[in-house]
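Reading the structure
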Amino acid sequence: MTDHTLTKEDKRDDFSQLTRELLAKRSGYICAYPGCKRMTVAGSDDRKSGLTMTGVAAHITAASKKGPRYDPDMSAEERAGETNGIWACQIHGKFIDDNPSKCSVDKLRRWKAQHEKWVFDRVESGVELFNRGVCRLSFGNVGKFSGDFAIPFGRNNVLVGVNESGKTTFCQILSAFSGGDHWKQFNDRFSFSKQSENHAYIQLSHQSDNTTTAIRLSPQVLSDGRRKAENTRQRIHIEINSCPSPDWPRSLIRVLYFDTQLYHMHYSEPKDTFVKALRYLANVLGTDEDLVWDSLREELFTSSIFGNRFRRTGHRKVEILVPDGRPFFLPHRGLSFTEQQMAFLDITLKLASCGSRNENWIYVFDTTFFQRLDQQRKSYVFKRLTELDRSNVQTLFCLNSIEDTEVLKNIQSDKWVNAEHFGDLTLHSFL
Ligand SMILES: [Zn+2]
């Protein structure tokens, strides 16, 4: 009797070899635990199989009564079936078994489904869709863009078109979603809030992990009577995931817009372009101008991306050591315009990277900034920034020339995924 009970208790509805293999393959031989994505198969020295397999098929509901998340209502067949398994690396296989409250049946089913979908999408499109940041920019009837456009984004993007083809318009539509001065510039330039009769709209789709948020801005439509009666300024209608909203979540994206605007249009004073640029930076970072100047200390810039070094010499005075072999620091006025651009880039990227990793940044290089760099510097800037591999940073580079685009494409040819043509423009996206 006792023996019989024990046997029953110990009875395990294990996965067959075939089911294990099916689970591994549906999972792409990749651990399905959220955020892990560890590969679990590789070649080995083993002469027999030539493989090293480090994954396990974990039970969602246990194979035996004593195991975690056991479900007595399930049949033995269901318990040993593919739908009751999740593929994991050895660490997460153990973790799943030891932590049934953290890894509930519902959660495991969801993780399995999400991961298998992720694998399926990769197989279907050949693309690892990055899982965080702006994934699409849609707009209609803004500036020279009449009609509807929906442009997919990659992590890094290159926008190509001749002069006057709408590159700056595109950059400004994107930047508008970060609010503040960027929004104001966009709205002022296109009188966007007064374009309700033209059915103008702009929409940004943003994804983080497994949720997508779409923010749509359009001019408020007022009846003629109300417009006359109120005689107020036009308002903007905001929708988040198709629901009217009082405000758009600006924290979704932050934008650094590199343009000659920094130097000419944005502020009339001061005259010094470099000082002007730092004022813009303080504005974008939401901090005090003096604090930005105070941060230009040597120790903070020992490993800057483009190799510039900074030394504060007094109130709003800094000397810069340019990485060209010259052994001495120079005041910023002693540098060429391009050298100032590169120094400004270094400061900007360093200070932006000091912020929270939860903030998503887009670095936008409009033609007026990027085109002023020579071919070699353009390639260098593109290479360094696209190799940064910070999950919270996206880039958009604007170019006039097809030849330049080919050069940049070759730098990241293995990561190039798509070319989207719209109007007279092409957007190349990279992983
Ligand atoms: Zn894992």
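Residues numbered from 1 in each chain as written. Predicted model: local features only at pLDDT ≥ 70, side-chain atom pairs only at ≥ 80, totals over all residues. Heavy atoms only, no water.

Structural notes on the overall build of the protein chain
- Secondary structure assignment for the protein chain yields 14 helices and 19 strands.
- Taken over 431 residues, the protein chain has a buried fraction of 48%.
- Contacts in the protein chain between residues at least 24 apart in sequence constitute 64% of all its contacts with a sequence separation of at least 6.
- Here the protein chain displays about 22000 Å² of accessible surface, and carbon together with sulfur accounts for 49% of that area. (Helix = DSSP H or I, 4+ residues; strand = E, 2+ residues; numbered from the N terminus. Buried < 20%, exposed > 50% of the residue type's maximum accessible area, 1.4 Å probe, protein only. Contact = heavy atoms within 4.5 Å. Areas by Shrake-Rupley, 256 points an atom, 1.4 Å probe, with all protein chains shown as cover.)

Details of the nonpolar core
- Ranked by internal contacts, the top residues of the largest apolar core, which has 83 residues, are F139, F170, I202, L217 and F422.
- Apart from residues no more than four positions distant in its own chain, L217 is found in contact with F177, W183, F192, Y201, I202, I236, H237, I238 and W248.
- Grouped together as the second largest cluster of nonpolar side chains are 12 residues, C31, Y33, C89 and L108 included. (Core = buried A, V, L, I, M, F, W, Y, C linked by side-chain atoms within 4.5 Å.)

Points about the environment of N156
- Here N156 is to be found in strand β7 (residues 156-160).
- Along the sequence, N156 and F430 sit 274 residues apart, while their C-alpha atoms lie 5.0 Å from each other.
- Look past the residues within four positions of N156 in its chain and what remains in contact with it is L385, T386, T395, H428, S429, F430 and L431.
- A distance of 2.6 Å separates a polar atom in the side chain of N156 from a polar atom in the side chain of T395. (Polar contact = N/O pair within 3.5 Å; in protein donor to acceptor, adjacent residues only side chain to side chain.)

Considerations on the pattern of salt bridges
- In this structure the tally under the stated criterion is 25 salt bridges.
- Of the charged contacts in the structure, one is a salt bridge between E82 and K112, with a shortest N-O distance of 2.8 Å. Remark: K112 occurs in helix α5 (residues 105-125) and E82 occurs in the loop between α3 (76-79) and β4 (85-89); sequence separation between them is 30 residues.
- Relative accessible area serves as the criterion here: at 17%, E82 is assigned to the buried category.
- Of the charged contacts in the structure, one is a salt bridge between E387 and K383, with a shortest N-O distance of 2.9 Å.
- Connected through shared salt-bridge partners, R26, E82, K112 and E116 make up one network. (Salt bridge = Lys/Arg side-chain N within 4 Å of Asp/Glu carboxyl O.)

A look at the coordination of the zinc ion
- C31 (SG), C36 (SG), C89 (SG) and H92 (ND1) make up the full set of protein donors to the zinc ion, lying at 2.0 to 2.4 Å.
- Every donor counted, the four donor atoms about the zinc ion form angles of 101 to 122 degrees at the centre, which fits tetrahedral coordination.
- One chain supplies every donor to the zinc ion, and in sequence these donors are spaced C-x4-C-x52-C-x2-H. (Donors = N, O, S within 2.8 Å, 3.2 Å for Na, K, Ca; no water. Tetrahedral: all angles 85-135°; square planar, octahedral: opposite > 155°, others 65-115°.)

Keep in mind that these numbers describe shape and distance, not what the molecule does.
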